[in-house]
Amino acid sequence: MEKYILDVIVIGGGQSGLVCGYYLRRTGLTYLILDKQPNCGGSWQHGWDSLTLFSPAVHSSLSGWLMPKSLNFFPSKVEVIDYLCQYEKKYALQVQRPVEVKEVEKDNAIFKLTTDKGDFYARAVISATGTYGKPYIPEIQGREKFKGIQMHSSSYKNAEPFEGMKVIVVGEGNSGAQILAEISEVTQTAWATRNAPEFLPDDVDGHVLFNVASAKYYAEKAGIPFDPTQYNLGNIVMVPPVVEARDRGALVSIGTFKEIYENGVVLSDGSRESFDAIVWCTGFGYDTGILNKLVQTEENGKTPTVETRSAQTEGLWLVGYGGWTGYASATLIGVGRTAKQTVQQIQEYLTPIQESK
Ligand code: FAD
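Residues numbered from 1 in each chain as written. Predicted model: local features only at pLDDT ≥ 70, side-chain atom pairs only at ≥ 80, totals over all residues. Heavy atoms only, no water.

A.B. asks: So, the sheet that holds strand β7 (residues 149–152): which residues are in play, and what are the values?
C.D. replies: With respect to topology, 4 strands assemble into an open sheet ordered β7-β13-β8-β9, the strand pairing being parallel. This sheet does not close on itself; its edge strands, each paired only once, are β7 and β9 (188–192). Put simply, the sheet's adjacent strands are angled 20° from each other on average, direction ignored. Pairing analysis gives 4 bridges linking β7 to strand β13 (residues 277–280), with the strands arranged parallel. Bridging across to β13, methionine 151 finds its partner in valine 279. Sitting on the sheet, helix α3 (residues 174–183) touches β8 (166–170), β9 and β13, and the angle it makes with β9 is about 165°. (Pairing = 2+ DSSP bridges. Helix = DSSP H or I, 4+ residues; strand = E, 2+ residues; numbered from the N terminus. Axes fitted to C-alpha atoms, helices over the stretch in contact; angles between N-to-C directions. Contact = heavy atoms within 4.5 Å.)

Structure representation (structure tokens):
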């Protein structure tokens, strides 16, 4: 049976995959977005109940369509999911779900994608699988001995299960600060951070982090030295629950710990402190395991690219994984620039192939 070969397949229908679709639909190339989840919204569907954006709607929009104004300054995760689902409909993006891509191979100039719904073929592939599928927990001596609850932030929903417990939250980023703020309202908590937490000024929202990333990108592009200290604002966005928790003294770090025992942790001064639960807000790797036959990846899933273009396999691009695939590319406001550039490169890459067809 003749194989139907698409020009482009995008793996992942989250914000990154959708904005690639937004640019692809304007090229006339045949494309398809495959997503393993039955519903739209990408990994926003798995965020905790109270999760909000750390920038207002106006600074959290994908290319083409401003996110509708929210009732709150920081839109809720439900509003983000709704925006992504509407975005998909508004541009009639070609999305097939649920389709889980198991593996990607390349034979001559054609990619073969093995999925749970059969094989798909394409001349170019964009991997937009995100990070949610690769939660990261550091290897700490004795972790497997701990008798209490251990949970990664990707599974956290709300503080209810922790009521009456003594909980240590690990990690100095936005997830750590926001989850600690919530749990510390209902029970005794401690905060373990490798570095001293750096809070943004209260009157600054997350889009300033995007401005700093943009300034760095354009300075480097123009060959001008970039002095980060002039921007050193911190990295924890002071969303209301975090401001409230800081003001009641709940956001104070005990530093880090080097070992875990059955009932708690061993602090850097050697003293022991008992806990009933550990919540790991220690981030994510990159969910690129399905590309293992095409590229070498580091432990965390990162693979050599020139911005989004694979440095190892012609015809493969990676979008939305943050810094190494383009500044701020793991954010709603930032992913559009690299999606647009990726589709332009794919058009140039496919033109000669098109002409020879
Ligand atoms: P995802 O949203 O993870 O989507 C990837 C899609 O690929 C998923 O639907 C998944 O089902 C699919 N997929 C994966 N593997 C396969 C496969 N093998 N086959 C088929 N489909 C597959 N960003 C902001 O802009 N503003 C914020 O305020 C903000 N706050 C955040 C707060 C938290 C706590 C976190 C964790 C992230 C936050 N982010 C924020 C970042 C943002 O949520 C993510 O970067 C974003 O979800 C990445 O979008 P994506 O499309 O690249 O990946």
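A.B. asks: Pulling in residues and values, what's your account of the pattern of salt bridges?
C.D. replies: A complete count under the given rule lists 14 salt bridges for this structure. In this structure, glutamate 100 engages lysine 102 in a salt bridge whose closest nitrogen and oxygen atoms are separated by 3.6 Å. Using a relative accessible area of 47% as the deciding quantity, one classes lysine 102 as partly exposed. A single salt-bridge network, built from bridges that share partners, covers Glu103, Glu105 and Lys293. (Salt bridge = Lys/Arg side-chain N within 4 Å of Asp/Glu carboxyl O. Buried < 20%, exposed > 50% of the residue type's maximum accessible area, 1.4 Å probe, protein only.)

A.B. asks: Explain the nonpolar core to me, and be specific about the residues and the numbers.
C.D. replies: Grouped together as the largest cluster of nonpolar side chains are 69 residues, with contacts concentrated most on Val8, Tyr87, Ile126, Phe162 and Ile183. Among all residues touching valine 8, those that are not within four sequence positions of it are Leu24, Leu29, Thr30, Tyr31, Leu32, Ala122, Ala124, Ile126, Ile346 and Leu350. If you look at the next biggest cluster of nonpolar residues, it comprises 22 residues, including Leu6, Tyr286, Leu316 and Leu318. (Core = buried A, V, L, I, M, F, W, Y, C linked by side-chain atoms within 4.5 Å.)

A.B. asks: I'd like a rundown of the side chain of serine 127, residues and numbers included.
C.D. replies: Tracing the backbone shows serine 127 in strand β6 (residues 118–127). With residues up to four places along the chain from it excluded, the contact list for serine 127 reads Ile11, Leu291, Trp317, Leu318, Val319 and Tyr321.

A.B. asks: Tell me about the pairing of β6, and name the residues and values.
C.D. replies: For β6, the tally of buried residues reaches 8 of 10 residues, placing the bulk of the element in the interior. Sheet topology places strand β5 (residues 110–115) next to β6; 5 bridges connect them, and they run antiparallel. Of the residues in β6, the one forming a bridge with threonine 114 is aspartate 119. Where β5 folds back onto β6 in an antiparallel hairpin, the turn is made up of 2 residues.

A.B. asks: I'd like a rundown of the environment of alanine 339, residues and numbers included.
C.D. replies: Following the sequence through the fold, alanine 339 ends up in helix α6 (residues 335–356). With 13 residues separating them in the primary sequence, alanine 339 and glycine 326 have C-alpha atoms 9.7 Å apart. The contact partners of alanine 339, leaving out residues within four places of it in the chain, are Val19, Cys20 and Tyr23.

A.B. asks: Account for α3, naming residues and giving values.
C.D. replies: The element α3 is largely enclosed, with a buried count of 9 among its 10 residues. On its buried face, α3 is in contact with β8, β9, α5 (240–247) and β13.

A.B. asks: Describe the state of the cysteines, with residues and values.
C.D. replies: Across all of its chains, the model carries 1 disulfide by this definition. A disulfide bridge connects cysteine 40 with cysteine 85, and the sulfur atoms are separated by 2.1 Å. Judged by the sign of its S-S torsion, about 105°, the cystine formed by cysteine 40 and cysteine 85 is right-handed. Placement of the pair is cysteine 40 in the loop between β2 (31–34) and α2 (77–90) and cysteine 85 in helix α2, with a sequence separation of 45 residues. Accessibility classification places cysteine 40 together with cysteine 85 in one group, the buried group. Unpaired in this structure, cysteine 20 has its nearest cysteine sulfur neighbour in cysteine 40, at a distance of 17 Å. (Disulfide = S-S within 2.5 Å.)

A.B. asks: Just give me the short version of the packing of aromatic side chains, but keep the residues and values in it.
C.D. replies: Counted according to the given criterion, the structure contains 19 aromatic pairs. Relative to tryptophan 324, the ring of tyrosine 286 has its centre 5.2 Å away and its plane inclined at 80°; by these criteria the two rings are edge-to-face. Of the two residues, tyrosine 286 sits in the loop between β13 and β14 (305–306) while tryptophan 324 sits in the loop between β16 (316–318) and α6, which places them 38 residues apart along the sequence. The class for tyrosine 286 is buried, based on a relative accessible area of 16%. Tryptophan 324 gets classed as buried once you look at its relative accessible area, which sits at 14%. Centre to centre, the rings of tyrosine 321 and tryptophan 324 are 5.6 Å apart; their planes meet at 20°, and the pair counts as stacked. Summarising the burial analysis for this pair, tyrosine 321 and tryptophan 324 share the class buried. The side chain of lysine 166 reaches across the aromatic face of phenylalanine 275, ending 4.7 Å from its centre. (Phe/Tyr/Trp six-rings, centres within 6.5 Å; stacked < 30°, edge-to-face > 60°. Lys NZ or Arg CZ within 6 Å of the ring centre and 35° of its normal.)

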